[in-house]
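Residue-level listing of the chains:
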Amino acid sequence: MLSLLGRLMFRSQESIQNLLQKPNANLTSRLVNVVIVLMMINLAFYFAIDPFFETQFGNYKWIFVLLLPPVQYFLQRFLFVLTSRLGLLMFAADRLPVDPIERKAKWNLLKKYYPYTYYPTAVLSVLAAPLSTSFFLIFLVFLGLIYMYLLRVQLLKEVFGVSGAVAFWGPLLVELLISFVLTVIVFVISFLVITLFNIPLAP
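None of these values were measured; they are calculated from a predicted model.

Novice: Can you walk me through the overall build of the protein in this structure?
Specialist: A count of helical and extended segments in the protein gives 8 helices and 0 strands. For the protein, the sequential pattern of α-helices and β-strands runs α-α-α-α-α-α-α-α. Summarising its shape, the C-alpha atoms of the protein cover approximately 60 × 40 × 30 Å along the three principal directions. Taking all 203 residues of the protein together, the buried fraction comes to 35%. Long-range pairs, those at least 24 residues apart, make up 72% of the contacts in the protein between residues at least 6 apart in sequence. With the model as given, the accessible surface of the protein reaches about 12400 Å², and the carbon-plus-sulfur share is 71%.

Novice: Help me understand the packing of aromatic side chains in this model?
Specialist: Note on aromatic pairs: each is described by the distance of the centres and the angle between the planes. Applying the stated criterion to the full structure yields 9 aromatic pairs. Aromatic side chains Trp107 and Phe160 sit 4.8 Å apart centroid to centroid with 45° between the ring planes, which places their arrangement in the tilted category. Pair noted here: Trp107 is in helix α6 (residues 100–128) and Phe160 is in helix α7 (residues 135–160), with a separation of 53 residues, a long-range link. Taking relative accessible area as the criterion, Phe160 reaches 6% and is therefore assigned buried. Each member of the aromatic cluster is reached from another via a ring pair, and the members are Tyr73, Phe74, Phe80, Tyr114 and Tyr118. One residue, Arg152, lies across the ring of Tyr149, its end atom 5.6 Å from the ring centre.

Novice: Whenever I open this one, the packing of helix α2 (residues 12–21) against α7 confuses me. Can you help?
Specialist: Relative orientation and spacing of two packed helices are given, respectively, by the angle between their axes and the distance between those axes. The N-to-C vectors of α2 and α7 enclose an angle of 45°; their axes lie 9 Å apart at closest approach. With respect to α7, the element α2 is oriented oblique. Like other packed secondary-structure pairs, α2 and α7 cross with a definite hand, here right-handed. Along the contact surface, α2 presents Ser12, Gln13, Ile16, Gln17 and Leu20, while α7 presents Leu150, Leu151, Gln154, Leu155, Glu158 and Val159. Here the residues of the contact of α2 with α7 are counted per class, giving 6 nonpolar, 4 polar and 1 charged.

Novice: So what exactly am I meant to see when it comes to α7 here?
Specialist: Since there are 3.6 residues in each turn of an α-helix, residues three or four apart along the chain are aligned in direction. Along its 26 residues, α7 runs 37 Å from first to last C-alpha, staying within 8% of the 38 Å computed at 1.5 Å per residue. Phi turns positive, to about 70°, at Gly161, one or two residues after α7.

Novice: Is there a simple way to think about the side chain of Asn42 in this case?
Specialist: Tracing the backbone shows Asn42 in helix α3 (residues 25–49). Judged by relative accessible area, which is 17%, Asn42 ranks as buried. Not counting residues within four places of it along the chain, the set of residues in contact with Asn42 comprises Ser125, Val126 and Ala129.

Novice: I tried to follow the nonpolar core on my own but got confused; where do I start?
Specialist: Within soluble globular proteins, side chains that are nonpolar generally end up buried alongside one another. Among the nonpolar cores identified, the biggest contains 48 residues, and Leu8, Val35, Leu88, Leu110, Tyr116, Tyr119 and Phe160 are the most heavily contacted of them. At 12 residues, α6 tops the list of elements feeding residues into this core. Those residues in contact with Phe160 that lie beyond four places of it in its chain are Leu88, Arg95, Leu96, Pro97, Lys106, Trp107 and Leu110.

Novice: Looking at this structure, I do not really get the packing of α6 against α7. What am I missing?
Specialist: Viewed as axis vectors pointing N to C, α6 and α7 meet at an angle of 165°, and their least axial separation amounts to 9 Å. By the angle class used here, α6 and α7 are roughly antiparallel. Of the two possible hands of crossing, α6 and α7 adopt the one that is right-handed. A per-class count over the contact of α6 with α7 returns 22 nonpolar, 3 polar and 2 charged.

What counts and what doesn't
Residues numbered from 1 in each chain as written. Predicted model: local features only at pLDDT ≥ 70, side-chain atom pairs only at ≥ 80, totals over all residues. Heavy atoms only, no water. Helix = DSSP H or I, 4+ residues; strand = E, 2+ residues; numbered from the N terminus. Buried < 20%, exposed > 50% of the residue type's maximum accessible area, 1.4 Å probe, protein only. Contact = heavy atoms within 4.5 Å. Areas by Shrake-Rupley, 256 points an atom, 1.4 Å probe, with all protein chains shown as cover. Phe/Tyr/Trp six-rings, centres within 6.5 Å; stacked < 30°, edge-to-face > 60°. Lys NZ or Arg CZ within 6 Å of the ring centre and 35° of its normal. Axes fitted to C-alpha atoms, helices over the stretch in contact; angles between N-to-C directions. Parallel < 35°, antiparallel > 145°, perpendicular 65-115°, else oblique. Left-handed = near helix turned anticlockwise from the far one by under 90°. Nonpolar A, V, L, I, M, F, W, Y, C, P; charged D, E, K, R; others polar. Expected span 1.5 Å × (residues − 1). Core = buried A, V, L, I, M, F, W, Y, C linked by side-chain atoms within 4.5 Å.

Here's what the structure looks like:
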């Protein structure tokens, strides 16, 4: 797994190409488990150092450590595929397969190879978790985000043959649009609740 991490971080394009050309179902399955365990470790660090969780949940907080990361992983994978699909439909519809079966197979490739795009980010998040607020922590988190988007772009380029600009900006603009819509919905609902129930904004 360490050699895979090194290849993904330092030879990302070549690594994605090799993975697509020589599929390894066993490696992919093991990597999913590794990524979820890393997410559990990361969450455990935050729960252990933050007294809020101990006060509110006691030992039950460890149940959240076991349950939340798998849910988070599959939700993130779903959102990645969704934003990629919408982004490519908006900006590169002509590059998508016409045959529905072939198109579905392409989308399934994004699901299958998603853990490779998130693996370096999960490792860097675990390295950053024990650190207090510092430049090094911010650097590791930021680096993890860079690797996540870099590997996503490489995967979309190899699977659909789109340009790097389309592979990056297409899904990202959809993410920003979804975030904006959700923010507006939350704001409107909050405003209605405060107005209808006369909830004071200040004590």
